[in-house]
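# Descriptive structure summary
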Amino acid sequence: RGIIDSFSSILNEESKHDPSVSSSSTSSGSMNGIDGVPVTNERIAYKLKGYFDLAKEEIAKGVRAEEWGLHDDALLHYRNAQRIMNEASSTPSPSYISSSEKEKVRSYREKISNWQNQVSERLQALGKRTGVGVSENKRTVASPSSASVSSTASRYRKTSSQKTPVPRGGIATAKNPKDAAASPKPVKESGNVYDDKLVEMINTTIVDRSPSVKWDDVAGLDGAKQALLEMVILPAKRRDLFTGLRRPARGLLLFGPPGNGKTMLAKAVASESQATFFNVSASSLTSKWVGEAEKLVKTLFQVAISRQPSVIFMDEIDSIMSTRSISENEASRRLKSEFLIQFDGVTSNPDDLVIVIGATNKPQELDDAVLRRLVKRIYVPLPDSNVRKLLFKTKLKCQPHSLSDGDIDKIVKETEGYSGSDLQALCEEAAMMPIRELGADILTIQANKVRPLRYDDFRKSMAVIRPSLSKSKWEELERWNSEFGSN
Ligand code: ATP
Ligand code: MG
């Protein structure tokens, strides 16, 4: 911990850039900029800075990985940093060098050598730790849910009929037999161990405890609400009733044009159901967890099983589970396979109640294998006139206005094609109109003296706020719905 701190302070200090060396975008430019061009007087400091920035980046990643307890990753990054710095220190200075340049070069070399020492220290420390075995960071789970996860683990162990290779380090090898059954190839050993840090993070950052949306806040969408009620809310409350033929489907896809309440619906499920709600966003899988995403997915499902009934909500699921392509990188391919394996695991066990809900506005781009598993696919369309009316009425409730029912009907008619979020924007724009008329008075006027909203405000706003969805996009979604949708 102390070492991490000292590294962090170096990193912070170093982020104050030396203005005299043109910084531009880091590293690769300066590294590649070498391109066989002899190192000249002006370039040496620039070049060292390139190495320096690259190394810094790697060290930062290493430090973060270490903080997360991902020691293998930390090792990898520190080694990269070391390689870069070795290269830097073996770059000779040109024979002629101006004195100001000399000073810069000296300072970079000094910093680099200082870092080299620190990185080797870390490498040594980590090497010792990971060399001895997996005992330190890969115990069975220690977290609020530790007891139950471990019991799930032992359940698996007991039922396991597969002979699977037992990784060194023993205890943490609760291999899910379902993985082995569903997986086309043996699951990598290292991915099979619960990682305290991952579990802890799932419990703190991914489990959504404070969803603010209530069921009734979501206007319309009765079909979607009914499906969610039957699949998630009731089964979580009455598990005894929903067994056998009534066993709910485990995968659900909410799809439809942007801004019509998909995310909102899922949040409402979280607040209304008694299930543990895991809110997994694409960004949390792809950025924060670089290189660890598939391990996270695996741990996520284990935690979900241990805390069931659970809902795993993946917003913008298309961005992680899109059709496989040639250009796809290895990491995202592995992430997808892991997801499918885990998902099959929970669906094949009749005792588990873990439901996966995906949301997307690009269902066409979803991988077929993923789509097949999200058996229930619910279209969340643009609001029809009834829903628009409901939305206007609720939004106008908290705002003084002089609109008659006839006015509202007119607005409803004129906003065909607007999405829920477009309507929200429209109302916000209209509400600003009386304020804009105030001019300088705005600073003195009493709040209750601002004139109420009227029809004209909405009409004017409609010129500014246009429907955000093009007709062709909308038609594409409708077509997809008639081909693949459940309703
Ligand atoms: P995206 O596909 O872009 O993620 P989304 O379908 O998830 O969109 P939400 O984030 O749920 O859309 O909705 C955006 C906003 O639009 C909400 O915060 C809310 O203000 C409004 N809204 C949309 N649909 C409804 C609805 N049915 N009832 C109430 N408000 C709605
Ligand atoms: Mg959304």
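The sections below set out a description of the structure shown in this document. (Residues numbered from 1 in each chain as written. Chains lettered and ligands numbered in written order. Predicted model: local features only at pLDDT ≥ 70, side-chain atom pairs only at ≥ 80, totals over all residues. Heavy atoms only, no water.)

### Quick look at the pattern of salt bridges
Applying the stated criterion across every chain yields a total of 16 salt bridges. Glu437 is the partner of Arg451 in a salt bridge, and the nearest nitrogen-oxygen pair spans 2.7 Å. Placement of Arg451 in the loop between helix 17 (420-436) and helix 18 (455-464) and of Glu437 in the loop between helix 17 and helix 18 is noted, with a sequence separation of 14 residues between them. We note a salt bridge from Arg451 to Asp457, for which the minimum N-O separation is 3.0 Å. Ionic contacts of the salt-bridge type, sharing partners, join the residues Glu103, Arg106 and Glu110 into one network. (Salt bridge = Lys/Arg side-chain N within 4 Å of Asp/Glu carboxyl O. Helix = DSSP H or I, 4+ residues; strand = E, 2+ residues; numbered from the N terminus.)

### Thoughts on helix 13 (residues 330-348)
When the terminal C-alpha atoms of helix 13 are compared, their 27 Å separation across 19 residues agrees well with the 27 Å that a helix rising 1.5 Å per residue should span. Residues Leu335, Lys336, Glu338, Phe339, Leu340, Ile341, Gln342, Phe343, Gly345 and Val346 constitute the buried set of helix 13. (Expected span 1.5 Å × (residues − 1). Buried < 20%, exposed > 50% of the residue type's maximum accessible area, 1.4 Å probe, protein only.)

### Brief notes about the packing of helix 15 (residues 385-397) against helix 17
Where helix 15 meets helix 17, the axes come as close as 11 Å, and the angle between the chain directions of the two elements is 35°. Along this stretch, helix 15 crosses helix 17, giving a crossing that reads as right-handed. Along the contact surface, helix 15 presents Arg388, Leu391, Phe392 and Lys395, while helix 17 presents Gly420, Leu423, Gln424, Leu426 and Cys427. For the contact of helix 15 with helix 17, the class distribution of residues is 5 nonpolar, 2 polar and 2 charged. (Axes fitted to C-alpha atoms, helices over the stretch in contact; angles between N-to-C directions. Left-handed = near helix turned anticlockwise from the far one by under 90°. Contact = heavy atoms within 4.5 Å. Nonpolar A, V, L, I, M, F, W, Y, C, P; charged D, E, K, R; others polar.)

### Some words on the sheet that holds strand 5 (residues 376-379)
Across the sheet, 5 strands lie side by side as 2-3-4-1-5; this open sheet has parallel pairing. Looking along the sheet, the strands with just one partner apiece sit at the ends: strand 2 (276-281) and strand 5. Strand after strand, the sheet turns through a mean of 20° between neighbouring axes, direction not considered. Here 5 bridges tie strand 1 (residues 251-255) to strand 4 (residues 354-360), and the two strands are oriented parallel to one another. Note that in strand 4 the partner of Phe255 across the bridge is Thr360. (Pairing = 2+ DSSP bridges.)

### A few points about the nonpolar core
By size, the foremost hydrophobic cluster in this structure holds 39 residues, and its most contacted members are Phe278, Ile312 and Phe339. Residue contributions to this core peak at 8 residues, all from helix 12 (residues 293-306). Not counting the four nearest positions on each side in its chain, Ile312 is found in contact with Phe278, Val280, Leu300, Phe301, Ala304, Val354, Ile355, Val356 and Ile357. Residues Ala266, Val269, Ala270 and Val380 belong to the second largest nonpolar core, which totals 28 residues. (Core = buried A, V, L, I, M, F, W, Y, C linked by side-chain atoms within 4.5 Å.)

### Thoughts on the packing of helix 17 against helix 18
For the pair helix 17 and helix 18, the least separation of the axes is 8 Å and the interaxial angle reads 125°. Between helix 17 and helix 18, the angle falls in the class oblique. Handedness of the crossing formed by helix 17 with helix 18: right-handed. In this structure, helix 17 uses Leu426, Cys427, Glu429, Ala430, Met433 and Pro434 to contact helix 18, whose residues at the interface are Asp457, Phe458, Lys460, Ser461, Met462 and Val464. For the contact of helix 17 with helix 18, a count of residues per class yields 8 nonpolar, 1 polar and 3 charged. (Parallel < 35°, antiparallel > 145°, perpendicular 65-115°, else oblique.)

### Some words on the environment of Met314
In this structure, Met314 sits in strand 3 (residues 310-315). C-alpha of Met314 to C-alpha of Gly358: the two residues are 44 residues apart in sequence and 4.8 Å apart in space.

### Describing helix 19 (residues 471-484)
Taking 1.5 Å of rise per residue, the 14 residues of helix 19 would be expected to cover 20 Å, and the 20 Å separating its terminal C-alpha atoms lies within 8% of that figure. Where helix 19 is concerned, the buried positions are Leu477, Trp480 and Asn481. For helix 19, the arc enclosing every buried residue in end-on projection is 100°, short of the 170-degree limit, so these residues lie on one face. Facing away from the buried side of helix 19, by more than 90 degrees, are the exposed residues Lys471, Arg479, Ser482 and Glu483. Buried positions along helix 19 lie against strand 1, helix 14 (368-373) and strand 5. (Arc of directions from axis to C-beta.)

### Here we look at the packing of aromatic side chains
Under the definition given, this model contains 9 aromatic pairs. Look at Phe52 and Trp115: their rings are 5.1 Å apart centre to centre, the planes differ by 25°, and that puts the pair in the stacked class. Linking Phe52 in helix 3 (residues 43-68) with Trp115 in helix 5 (residues 99-132), this pair joins segments that are 63 residues apart in sequence. Cluster of aromatic residues (ring-pair linked, three or more members): Phe255, Tyr379, Trp480 and Phe484. The ring of Tyr108 is capped by Lys111, whose NZ or CZ atom sits 5.4 Å from the centre of that ring. Sitting above the plane of the Tyr455 ring, Lys410 keeps its charged end 4.4 Å from the centroid. (Phe/Tyr/Trp six-rings, centres within 6.5 Å; stacked < 30°, edge-to-face > 60°. Lys NZ or Arg CZ within 6 Å of the ring centre and 35° of its normal.)

### Examining the state of the cysteines
For the structure shown, the criterion picks out 0 disulfides. The thiol of Cys427 is not disulfide-bonded; the next cysteine sulfur, from Cys398, is found 9.4 Å away. (Disulfide = S-S within 2.5 Å.)

### As for the side chain of Asp315
Take Asp315: it is sitting in strand 3. Buried and without a salt bridge, Asp315 has Lys267 as its closest oppositely charged side chain, separated by 6.5 Å. Polar side-chain contacts of Asp315 include one of 2.8 Å to the side chain of Thr263. In this view, Asp315 contacts Thr263, Val280, Ala282 and Ala359; residues no more than four positions away in its chain are not counted. (Lys, Arg positive; Asp, Glu negative; His and termini not counted. Polar contact = N/O pair within 3.5 Å; in protein donor to acceptor, adjacent residues only side chain to side chain.)

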